[in-house]
Each structure stands twice: as C-alpha cells, then as structure tokens.
Amino acid sequence: MAAEGDVDLDLEAEDNCTGKPAEKPRKHDSGAADLERVTDYAEEKEISSSDLETAMSVIGDRRSREQKAKQEREKELAKVTIKREDVELIMGEMEIPRGVAERSLREHMGNVVEALIALTN
C-alpha cells in the first residue's frame, strides 16, 4: 500500500514540474484598480500663506482671550474670603491637600456644604 501512495505523489509532482508556480486566482485585483481610480480624483490643495497667517492669528487671539478670562477668574477667586477652620474641615474629611480644599471653597464662595458636595461628586 505504501508503494501505491508513493506513486500517486510522484504523479502529482510530475504535473507541477513545469517550472512555473501554479497561478493563484486574482480575486482582489479589481479592488486595487478601483482604489486607483478613486485616488486619481483626489485634488491636492496648496495652503496659501495668507490663509495660514489668518488661522494662526485667530488661534492666538482665542488663546489670549482664554488666558485673560482665566486670570480674571483667578482674581475673583482670590477676593473670596475663606475661614481656616473650613479649609481644615474639608482637608480632614476629604483627605485632600490644602490647595485643593482652598480652591473648592473659593469656587463656592466660602460655602462649606457646597464645596464638600462638589468634591464628592
């Protein structure tokens, strides 16, 4: 039986001994051609320097406005008076640093209950 199996293998080997590998079916070639057609229509635009400068100035203006608003907010928060006992209470209850406790109290205009609620949420 082993001799018959060997003969069958030899016959299969002779069929494929033409020197060329067996051709594989080309199922995906049409997809590559479609992709080439789609990419041919893409336009490349140059970005003009004036458009770039305008965009940069808009971004710069927005950043400066945001920073100015942040500074004004910090000034407002600095004006709020808070009690040392309130800060220590929040620090002890929430186990947070002094800066976080002070910030929360200032944001809630010194109201301990609102500050604690905001910190727990």
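Residues numbered from 1 in each chain as written. Predicted model: local features only at pLDDT ≥ 70, side-chain atom pairs only at ≥ 80, totals over all residues. Heavy atoms only, no water.

With an unreviewed UniProt entry as reference, the protein chain is termed Huntingtin-interacting protein K, source organism Clupea harengus.

**Looking at the pattern of salt bridges**
Defined as follows: Any Lys or Arg side-chain nitrogen found within 4 Å of a carboxyl oxygen on Asp or Glu counts as a salt bridge. Think of it this way: any DSSP run of H or I at least four residues long counts as a helix, any run of E at least two long counts as a strand, and we number them from the N terminus. Relative accessibility thresholds used throughout: buried, under 20% of the residue-type maximum; exposed, over 50%; partly exposed, between the two (1.4 Å probe, protein chains only).
All told, the structure shown has two salt bridges when counted by the stated rule. Here Glu74 makes a salt bridge to Arg103, at a shortest N to O gap of 2.6 Å. Here Glu74, found in helix 3 (residues 49-79), pairs with Arg103, found in helix 5 (residues 98-107); they are 29 residues apart in sequence, far enough to count as distant. Since its relative accessible area comes to 32%, Arg103 is described here as partly exposed. One salt bridge in this structure joins Arg103 and Glu107, with 2.9 Å as the shortest N-O distance. Of this pair, Arg103 and Glu107 both sit in helix 5, four residues apart, roughly one helical turn. The partly exposed category is assigned to Glu107, whose relative accessible area is 34%.

**Side note on the side chain of Ser104**
Quick note on the threshold: Here a residue-residue contact requires only that any non-hydrogen atoms of the pair lie within 4.5 Å.
Tracing the sequence through the fold places Ser104 in helix 5. Those residues in contact with Ser104 that lie beyond four places of it in its chain are Ala115 and Leu119.

**With respect to helix 5**
Short version of the rule: The arc in question is the one traced by the directions running from the helix axis out to the C-beta atoms.
Buried residues of helix 5: Ala101, Ser104 and Leu105, and no others. End-on, the buried residues of helix 5 take up no more than an arc of 100°, which puts them together on one face. In this fold, the buried residues of helix 5 make contact with helix 4 (84-94) and helix 6 (112-120). Positioned one or two residues after helix 5, Met109 has a phi angle of 55°, which is positive.

**What about the packing of helix 5 against helix 6?**
Stated formally: The angle between two axes is taken between their N-to-C directions and runs from 0 to 180 degrees, where each axis is a line fitted to C-alpha atoms and a helix contributes only its stretch in contact. For this classification, under 35 degrees means roughly parallel, over 145 means roughly antiparallel, 65 to 115 means roughly perpendicular, and everything else is oblique. Put simply, a crossing is left-handed when the front helix is turned counterclockwise from the back one by less than a right angle, and right-handed when it is turned clockwise. Only Asp, Glu, Lys and Arg are considered charged in this grouping, and only Ala, Val, Leu, Ile, Met, Phe, Trp, Tyr, Cys and Pro are considered nonpolar; every other residue, Gly among them, is considered polar.
Between helix 5 and helix 6, the least distance of the axes is 8 Å, while the angle of their chain directions is 120°. As judged from the angle between their axes, helix 5 and helix 6 are oblique. In the crossing of helix 5 with helix 6, the sense of the turn from one axis to the other is right-handed. Along the contact surface, helix 5 presents Val100, Ser104 and Leu105, while helix 6 presents Val112, Ala115 and Leu119. Here the contact of helix 5 with helix 6 is built from residues that sort into five nonpolar, one polar and no charged.

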